[in-house]
Amino acid sequence: MKKTLSILLAAALALSFTACGSSASSAAAAPASAAPSAESASSTSSASSYATTLADIKEKGQLIVGLDDTFAPMGFRDESNNIVGFDIDLATAVCKELGVEPVFQPIDWDAKELELSTGKIDCIWNGMSITPEREAGMSLSKPYLNNKIIIMTNEGVTISSKEELANYNLGTQADSSALETLKADPIYAKIESKLTEYKTYDQVIMDMQTGRLDAMIVDEVLGQYKNAQLENVFGVSEVDFGEDLYAIGFRKEDTELTEAVNAAIKACIDNGTAAEISEKWFGTDILVKE
């Protein structure tokens with residue numbers, strides 16, 4: 001009798017624990033599987049559907065320009081902490097043609113696509129190169145400036161071929177045109193372990209000056225401008241990674257705004273304003289003309 005009662009009690013206790021465990025697991029799992037779906041759908045929808053027409057820009061009276069404010073001479077801080085540069089002057093002239101005011105908004109360059117898609121900025125205008133990925137993900141303006149990706153070297157370093165890069169410590173900016181160009185080149189696999197990515201080119205240049213780096217891969221417009229400020233302390237290799245066209249990036253849906261800016265740039269070229277800006281920053285007119 002005692003044995004039978006013990007067996008019945010044990011069975012009842014086991015069923016009780018099984019039921020409790022099943023209920024607790026279900027209760028804990030339910031929020032994890034159900035809660036995020038509505039929020040995720042909402043954020044995805046708002047990012048993908050955001051668009052700005054020319055009428056919207058004119059109504060608010062502003063064009064919000066996203067930029068990396070360390071990318072001289074395109075857009076950077078002067079001694080008084082004002083944002084200045086070639087792109088700043090050109091965007092100001094274009095906004096005058098459009099009848100709006102420019103607002104220059106410094107952004108994290110690594111997150112520029114997110115800043116654009118979520119509507120925090122109206123365009124990316126800061127020496128941004130045309131790439132297949134950007135052509136697919138954005139509405140790009142016509143090319144307005146021709147740049148080149150070059151190799152700048154420290155004293156005593158001579159690089160006569162891309163293959164020789166593997167012998168040196170290299171640096172470039174993360175998510176930059178130079179890095180994208182490098183990754184698209186067959187040499188990248190051979191030099192990847194020697195390449196350090198930095199948040200900004202200013203940090204790259206600092207490590208060049210301290211001798212931590214032997215060479216940097218950089219946009220010609222920035223590299224030559226910075227080098228001039230440093231009394232041409234860096235050499236420029238005879239080897240480069242080819243031409244690099246700059247364009248302005250808008251949301252994929254904002255084709256009307258893209259065309260309006262294209263027309264305004266052409267007006268600035270036709271009336272001579274763009275050439276004056278180019279000569280101010282580069283000493284010559286280097287704008288791409290149709």
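About the criteria used
Residues numbered from 1 in each chain as written. Predicted model: local features only at pLDDT ≥ 70, side-chain atom pairs only at ≥ 80, totals over all residues. Heavy atoms only, no water. Axes fitted to C-alpha atoms, helices over the stretch in contact; angles between N-to-C directions. Helix = DSSP H or I, 4+ residues; strand = E, 2+ residues; numbered from the N terminus. Parallel < 35°, antiparallel > 145°, perpendicular 65-115°, else oblique. Left-handed = near helix turned anticlockwise from the far one by under 90°. Contact = heavy atoms within 4.5 Å. Nonpolar A, V, L, I, M, F, W, Y, C, P; charged D, E, K, R; others polar. Pairing = 2+ DSSP bridges. Core = buried A, V, L, I, M, F, W, Y, C linked by side-chain atoms within 4.5 Å. Buried < 20%, exposed > 50% of the residue type's maximum accessible area, 1.4 Å probe, protein only. Lys, Arg positive; Asp, Glu negative; His and termini not counted. Salt bridge = Lys/Arg side-chain N within 4 Å of Asp/Glu carboxyl O. Polar contact = N/O pair within 3.5 Å; in protein donor to acceptor, adjacent residues only side chain to side chain. Phe/Tyr/Trp six-rings, centres within 6.5 Å; stacked < 30°, edge-to-face > 60°. pLDDT = per-residue confidence, 0-100.

Asker: How would you summarise the packing of helix α4 (residues 86-98) against helix α12 (residues 273-282) if you had to cite specific residues and measurements?
Answerer: Packing of α4 against α12 leaves a shortest axis separation of 9 Å and a crossing angle of 165°. It follows that α4 is roughly antiparallel to α12 by the angle criterion. Crossing hand, α4 versus α12: right-handed. Where α4 approaches α12, its residues F86, D89, L90 and A93 are matched on the opposing element by T273, A274, I277, S278, K280, W281 and F282. Residues of the contact of α4 with α12, tallied by class, amount to seven nonpolar, two polar and two charged.

Asker: Account for the sheet that holds strand β2 (residues 70-71), naming residues and giving values.
Answerer: Read across the sheet, three strands follow the order β2-β3-β4 without closing on themselves; strand pairing throughout is antiparallel. Edge strands, defined here as strands with exactly one partner in the open sheet, are β2 and β4 (83-84). With two bridges joining them, β2 and strand β3 (residues 75-77) adopt antiparallel strand pairing. Residue T70 lies in a different strand from β3, and its bridge partner there is F76.

Asker: Quick rundown of the nonpolar core? Include the residues and the values.
Answerer: What tends to happen in soluble globular proteins is that the nonpolar side chains get buried as a cluster. Counting residues in each nonpolar core, the largest one holds 63 residues, and the members touching the most others are F86, W125, Y144 and V261. Per-element tally for this core: the top contributor is α4, with seven residues. What F86 contacts, discounting residues up to four positions off in sequence, is P73, M74, Y144, L145, I277, S278, W281, F282 and L287. In terms of nonpolar packing, the next biggest core, distinct from the first, is built from 10 residues, W109, L116, M128 and M138 among them.

Asker: Kindly report on the pairing of strand β12 (residues 235-250), identifying the contributing residues and their values.
Answerer: Of the pairings in the sheet, the one linking strand β6 (residues 123-129) to β12 comprises three bridges and is antiparallel in character. Paired with I124 across the strands is G249, a residue of β12. Pairing between strand β7 (residues 139-140) and β12: two bridges, direction antiparallel. Paired with S139 across the two strands is F250, which belongs to β12.

Asker: Describe the side chain of D87, naming the residues involved and giving the relevant values.
Answerer: Residue position: D87 is located in helix α4. R134 provides the closest opposite charge to the buried, unpaired D87, separated from it by 11 Å. Of the polar contacts made by the side chain of D87, one reaches the side chain of Y144; its length is 2.8 Å. Beyond its immediate sequence surroundings of up to four residues, D87 is in contact with M74, W125, N126, G127 and Y144.

Asker: Got a sec to walk through the packing of α4 against helix α11 (residues 255-270)? Specific residues and values, please.
Answerer: Following both chains from N to C, one finds α4 and α11 inclined at 110°, their axes separated by 9 Å at the closest point. With respect to their mutual orientation, α4 and α11 come out roughly perpendicular. Across the interface between the two elements, A93, V94, E97 and L98 of α4 pack against A260, V261, A264, I265, A267 and C268 of α11. The residue makeup of the contact of α4 with α11, split by class, is nine nonpolar, no polar and one charged.

Asker: An account of the environment of D108 is requested, with residue identities and associated values reported.
Answerer: Its place among the elements puts D108 in the loop between β5 (101-106) and α5 (112-117). It is 9.9 Å that separates the C-alpha atoms of D108 and T200, two residues lying 92 residues apart in sequence. Reaching out from D108, the side chain makes a polar contact with the backbone nitrogen of D110 at a distance of 3.0 Å.

Asker: Go over the side chain of N154, please, and point to the residues and values.
Answerer: With respect to the secondary-structure elements, N154 resides in the loop between β8 (145-153) and β9 (170-173). Looking at N154, the relative accessible area reads 15%, which means it is buried. Sequence-distant contacts of N154, that is, excluding residues within four places in its chain, are made with M208, G211, L213, D214 and F234.

Asker: Requested: an account of the packing of aromatic side chains, with residues and values cited.
Answerer: The final tally for this structure, using the stated rule, is five aromatic pairs. On the basis of an interplanar angle of 55° and a centroid distance of 5.6 Å, the ring pair of F76 and Y225 is categorised as tilted. In this pair, F76 sits in strand β3 while Y225 sits in helix α10 (residues 220-229), placing the two residues 149 residues apart along the sequence. Each member of the aromatic cluster is reached from another via a ring pair, and the members are F76, Y225 and W281.

Asker: Which residues make up the confidence of the model for the protein, and what values go with them?
Answerer: Mean pLDDT over the protein: 85, with 82% of residues reaching 70 or higher. Between residues 1-49, whose pLDDT stays under 50, and residues either more than four places distant or in other chains, the model counts three contacts.

Asker: Just give me the short version of the pairing of β6, but keep the residues and values in it.
Answerer: With seven of seven residues buried, β6 lies mostly within the body of the structure. When strand β1 (residues 62-67) meets β6, the two strands line up parallel, connected through two bridges. Following the sheet pairing, G66 is matched in β6 by I124.

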